[in-house]
Amino acid sequence: MTVAELCAVVLAAGEGRRLRPLTEHRPKALCPVGNVPLLDRALARLAGLGLTGPEHVAVNACYLGDQVVAHVGERAHLSLEPDGPLGTSGGVARLRSWIDGRGVLVGNADAYLADPRAPAGADIAHLLAGWDGETVRLLGQPSPDRSEPDLFSGHRFSGFSLLPWRLVRDLPEEPAELVRTVWRPAEAAGAVEVVPFTGTFIDTGTPERYLAANLHAAGGGSLIHPTATVTGSCERSVIGADAVVHGTVIESVVWPGGSVAPGERLVRAIRVGRDLTVAISHR
């Protein structure tokens, strides 16, 4: 099956409860990692595969959905869930008429993937290579602990799955997760393939993991947006657009428009605005 016969769905409707209080200000899909919203990272990855525009890419939205809608604009087809998040399965089901017989590449907006050996998109291209259009494919990373729950063939799911139309066609449009409605039943039927991902994958669903993704994106140094003002000290951190740092920032993230006052010391923390600080415990 060629890319022309596929479509893609980026799941961006979740409430991001584990990431609170950050997600009280913006939806998880729009939280920046390395000064790039997670949703934009996912869209860039799909564009690298040749999947762009509202005919080929859809984004669902619910929680703080107006922010997602405004951010996506005309770049993708938008699927709104006005009565509450439908989960990964229900969100795909709601797009059934848009998918319309095609195989569908489903990506979680909160998945941070990075592979220095390949540009965005090329790093997951092997998920599509030689696909017969009938099996379920999951991107996965090997787990050293084979007793870990929720593994597939000893691999942790790494943010992207490939679903055949035959399994999407009859999904109910009700709150449910793909792991229950598609992945595990297909696994029981011997119709799941796990495609190893050899780069870095981080589920950004918690503040700790979100910080880890940002520090990885910084590459051991600091990423400072050109419009940020930094007169203090900045080490191994990410400083967003229009942020102002007069104090000391170490292994931290300062969101766009955030500020760190003179004499203030921010270590392993996330700063939103002037007053919200999410501290991450040292381990």
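One can find the structure itself at the top, above this paragraph.
One structure accompanies this document, and this report is about it.

Here is what the cut-offs are and how they apply
- Residues numbered from 1 in each chain as written.
- Predicted model: local features only at pLDDT ≥ 70, side-chain atom pairs only at ≥ 80, totals over all residues.
- Heavy atoms only, no water.
- 1 Å grid on protein atoms, 1.4 Å probe; cavity = no way out; pocket = protein on both sides within 12 Å on 5 of 7 lines; lining within 4 Å.
- Points joined across faces, edges and corners; volume = space filled by probe spheres on them.
- Helix = DSSP H or I, 4+ residues; strand = E, 2+ residues; numbered from the N terminus.
- Nonpolar A, V, L, I, M, F, W, Y, C, P; charged D, E, K, R; others polar.
- Pairing = 2+ DSSP bridges.
- Phe/Tyr/Trp six-rings, centres within 6.5 Å; stacked < 30°, edge-to-face > 60°.
- Buried < 20%, exposed > 50% of the residue type's maximum accessible area, 1.4 Å probe, protein only.
- Disulfide = S-S within 2.5 Å.

Some remarks on the layout of surface pockets
Each pocket or cavity is described by its volume, and for the largest pocket that value is around 1,100 Å³. Lining the largest pocket are 45 residues, and of these Arg-18, Thr-88, Asn-108, Asp-110 and Asp-203 lie nearest its centre. Contributing elements (two or more residues each) for the lining of the largest pocket: helix H3 (87–93), strand S6 (103–108), strand S9 (155–163), helix H6 (178–188) and strand S11 (200–203). Per-element tally for the lining of the largest pocket: the top contributor is S9, with 5 residues. Per-class residue counts for the lining of the largest pocket are 20 nonpolar, 12 polar and 13 charged.

Focus on the sheet that holds strand S13 (residues 229–230)
With parallel pairing, the 3 strands of this open sheet are ordered in space as S13-S16-S19. Pairing within the sheet leaves two strands with one partner each, and these edge strands are S13 and strand S19 (259–260).

Side note on the packing of aromatic side chains
For the structure on display, the rule yields 2 aromatic pairs. Their ring planes at 80 degrees and their centres at 5.9 Å tell us that Phe-152 and Trp-183 sit as a pair that is edge-to-face. Highlighted residues: Phe-152 in the loop between strand S8 (136–142) and S9 and Trp-183 in helix H6, separated in sequence by 31 residues. Taken individually, Phe-152 and Trp-183 each receive the classification buried, so the pair is uniform in this respect. Here Phe-157 and Trp-183 contribute two aromatic rings whose centre-to-centre distance is 4.5 Å and whose plane-to-plane angle is 50 degrees, an arrangement assigned as tilted. One end of the pair, Phe-157, is in strand S9; the other, Trp-183, is in helix H6, with 26 residues separating them in the sequence. You'll find Phe-157 and Trp-183 in the same group, each marked buried. Counting every residue linked through ring pairs, the aromatic cluster contains Phe-152, Phe-157 and Trp-183.

A few points about the state of the cysteines
Tallied over the entire structure, the rule returns 0 disulfides. The thiol of Cys-234 is unpaired, and the distance to the nearest cysteine sulfur, on Cys-31, comes to 19 Å.

A word on unusual backbone geometry
At the junction of Arg-20 and Pro-21, the peptide bond is cis and its omega measures out at 5 degrees in the coordinates. Relative to the assigned elements, Pro-21 resides in the loop between strand S1 (6–11) and strand S2 (32–33). With phi around 50 degrees, Asp-100 is a residue other than glycine that occupies positive phi space. Relative to the elements of secondary structure, Asp-100 occurs in the loop between helix H4 (96–99) and S6. Taking relative accessible area as the criterion, Asp-100 reaches 58% and is therefore assigned exposed. In this model, Glu-251 sits at a positive phi of 45 degrees, which is unusual for a non-glycine residue. You can call Glu-251 partly exposed: its relative accessible area is 23%.

Without other data, these values stay purely geometric and don't point to any function.
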